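# Reading the structure
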There are 2 protein chains.
Amino acid sequence: MIRLILLVLSISLTASAQDPLLTKAQRIFKPVPGSPPALRANPLTPEKIDLGRLLYFDPRLSSSWLISCNTCHNVGLGGVDLLETSVGHGWQKGPRNSPTVFNAVFNIAQFWDGRARDLKEQAQGPVQAAVEMNSNPGRTVKTLSSIPEYVSRFEKAFPGEATPLSFENMAKAIEAFEATLTTPGAPFDRYLKGDAKAINDEEKKGLEVFMAKGCTACHAGVNLGGQGYFPFGVVEKPGSEILPPQDKGRFAVTRTASDEYVFKSPSLRNIALTAPYFHSGKVWDLKQAVAIMGTSQLGAELNQAETEAITRFLGTLTGEQPKIEYPILPPHTASTPLPEVGAGPRPAGH
Amino acid sequence: MIRLILLVLSISLTASAQDPLLTKAQRIFKPVPGSPPALRANPLTPEKIDLGRLLYFDPRLSSSWLISCNTCHNVGLGGVDLLETSVGHGWQKGPRNSPTVFNAVFNIAQFWDGRARDLKEQAQGPVQAAVEMNSNPGRTVKTLSSIPEYVSRFEKAFPGEATPLSFENMAKAIEAFEATLTTPGAPFDRYLKGDAKAINDEEKKGLEVFMAKGCTACHAGVNLGGQGYFPFGVVEKPGSEILPPQDKGRFAVTRTASDEYVFKSPSLRNIALTAPYFHSGKVWDLKQAVAIMGTSQLGAELNQAETEAITRFLGTLTGEQPKIEYPILPPHTASTPLPEVGAGPRPAGH
């Protein structure tokens, strides 16, 4: 028995002695928790989450009945649309790359420039943007109120409220559903929790370089990012192809000169799934994106081996993707505002 | 004992004596079966069905990475897009209303004009149509072959084949998945199986009118339609708004003069969910659609009560909608052809 205790003791001493990398990583990063966090002024209930699931997939939130939240934040594609910039109403191209909805609840604010305080504020944006879903609060409320199942679901999700069905509550339900879209169980998270074999030596090397080079200044915490605002090009501005001069980032929100070309650092969770990269979506290759970050943010030309090691480490951030049952959407009625697709181009011959 | 036997005998005699309507209906219609039918040259396996599920939801089958089968045949919206005519690549409007994918496997052929023999032939159409997904077999095979999980899933779905991953096998897998998209358990089906209370008296009245007026000439069998080709306007052509003169229907397939304005009669299964109606998608109100059918097909002005009764009966054709887990789509690689969204309109201000 004493031999056994000594053996266990020696193993655990060795383990902690052997892995200062883990100790350091644990101070900087946190695993994705297994359940969603509490939301500001929006308690999670099963009824609200389920209503949010329906709304998230319902294209009737757009004026064309063609675009849902899932169009640009596809839950089957890492929570993004895999496009340079999103395509919305009338096939218009949006100005920025679609950020992933997965783990977005852990970000300090929403949108690349942080102009929405949280997901319920964010959810109201695309519904109204002419370049995205091209609707408005009046039309949205009219649409949802015309569908009896939505009326009763809003009553159950927001019990006791004078007006359960409102544009704000639509956004709250979507926020509640989105808060469940987390991806725990990534190899890196298992490593953070003490499973030394969860990531291999090359990936550990990448983690080491990632921390040593200072990437963690912008990419730390649960989301390895999403916690602050930083100029794209701290050290050296990338070319205008990657950093288009007309998009001044957070400057448009704060009107402060020092916020020109400042963006919220994106989360690196599931980054291997969410190409193309940067707010401009101009870079498809993760290794190239890492190299650009080295030059522009760190002023450190990363050598090939370092870039590759970091890229391999980033691959350990892919977590378990959420399993979602596709909702059966409730039927519209005679009082539902009909879709407005607009003229659009006519194909030849028809 | 003898009294009991006499009682049972008398009840069953009464039941069948009381419901000649059911007896007549059972001769004309069949309930949706609980499991998918066997497919021509395409045995159903779990591996093939599951691969088909991924492909059905994968927008990377389109050149823009924006349009999947589910865009126009939305499994949350009765298997349709609820649009007059579908919107595809570049926001182009297609020429005809999107038919539902639900129970489509029971139709004699696919498309409004029956130009595809079955669902595997159908599935190859929209992928290639410039106005829909705007891709081609070469690009599709290159895309799927560049994604390791697809390569291995095709191998498992088509074991022993020399070239498991092909455009044809993509279509076969989609057909296999679509064959599972049936909607059994509609109130009318429970009635057909002998549950006299499954539909109410007004709905029974509608069934009676439906059969008495001759609607069953085109709408019978499992799908209440989908089994033959009929001129739109047998008796009287509807206005050009509803029957656009340039779309001559099956004539384009057969080049036979008698096939001008001939279309496959659509299934009436889940018809209450799948507005707008007709190949032109010009009619949103089911009652109005019924009235138009009365005039144009039967030469019988249905009175208000008859139109309403038939409409109520049609409401009993809504079955259990399929429950589907949204697929986690496998990630692309460096050799995957990138999305081509095209120029498209630029929004003002960006």
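Residues numbered from 1 in each chain as written. Chains lettered and ligands numbered in written order. Predicted model: local features only at pLDDT ≥ 70, side-chain atom pairs only at ≥ 80, totals over all residues. Heavy atoms only, no water.

## Points about the relation of the copies chain B and chain A
Rules: Least-squares superposition aligns the copies on the C-alpha atoms of those residues with pLDDT at or above 70 in both. When checking whether two residues touch, look at their non-hydrogen atoms; a contact exists if any pair is within 4.5 Å.
In the superposition of chain B on chain A (RMSD 0.0 Å, axial shift 0.0 Å), the rotation amounts to 180 degrees. In short, the pair behaves as if placed about a two-fold rotation axis. Using C-alpha coordinates, one finds that chain B approaches the rotation axis most closely at Glu325 of chain B, a distance of 2.2 Å. Of the interface residues in chain B, 100% have counterparts in chain A that sit at the interface too, so the contact is made through matching surfaces.

## Some remarks on the interface of chain B and chain A
Interface extent is often summarised as the accessible area lost during association of the parts. Convention followed: Buried area: the accessible surface (1.4 Å probe) lost by two parts on joining, summed over both. Salt bridge, as used here, is a side-chain nitrogen of Lys or Arg placed within 4 Å of a carboxyl oxygen of Asp or Glu. Think of a polar contact as two N or O atoms within 3.5 Å of one another; within protein, one of them needs to be a possible hydrogen donor and the other a possible acceptor, and neighboring residues in sequence only count if both atoms come from side chains. Each residue gets one label: Ala, Val, Leu, Ile, Met, Phe, Trp, Tyr, Cys and Pro are nonpolar, Asp, Glu, Lys and Arg are charged, and the others, such as Gly, are polar.
Listed by partner, the interface residues are 49 residues for chain B and 49 residues for chain A. Carbon and sulfur atoms make up 72% of the surface buried where chain B meets chain A, a total of about 4,300 Å² over both sides. Its largest share of buried area at the contact with chain A, chain B owes to Trp91, Lys93 and Tyr326 of chain B, together 21% of the area lost on that side. Linking chain B with chain A are zero salt bridges, by the criterion used here. Our count for the chain B to chain A interface comes out at 12 residue pairs in polar contact (both at pLDDT 80 or more). Classifying every residue of the side of chain B that touches chain A by side-chain character gives 29 nonpolar, 14 polar and six charged.

## Observations concerning the pattern of salt bridges
Where charged atoms of side chains with opposite charge meet at close range, the side chains can pair. This is how the line gets drawn: A run of H or I in DSSP becomes a helix once it reaches four residues, and a run of E becomes a strand once it reaches two; helices and strands are each numbered from the N terminus. Buried means the residue's accessible area, taken with a 1.4 Å probe over protein chains only, is under 20% of the maximum for its type, while exposed means over 50%, and partly exposed covers the values in between.
Under the criterion given, the structure shown has 36 salt bridges over all chains. Across the pair Glu260 of chain A and Lys248 of chain A runs a salt bridge, and its minimum N-O distance is 3.5 Å. Placement of Glu260 of chain A in the loop between α12 (251-254) and β2 (262-264) and of Lys248 of chain A in the loop between β1 (229-231) and α12 is noted, with a sequence separation of 12 residues between them. With relative accessibility at 29%, the residue Glu260 of chain A sits in the partly exposed group. Glu340 of chain B is the salt-bridge partner of Arg139 of chain B, the closest N and O atoms lying 3.1 Å from each other. Of this pair, Arg139 of chain B sits in helix α7 (residues 137-145) while Glu340 of chain B sits in the segment after α14 (304-314); the two residues are 201 residues apart in sequence, bridging distant segments of the chain. Taken together, the shared-partner salt bridges connect Arg40, Asp118, Lys120 and Glu175 of chain A into one network.

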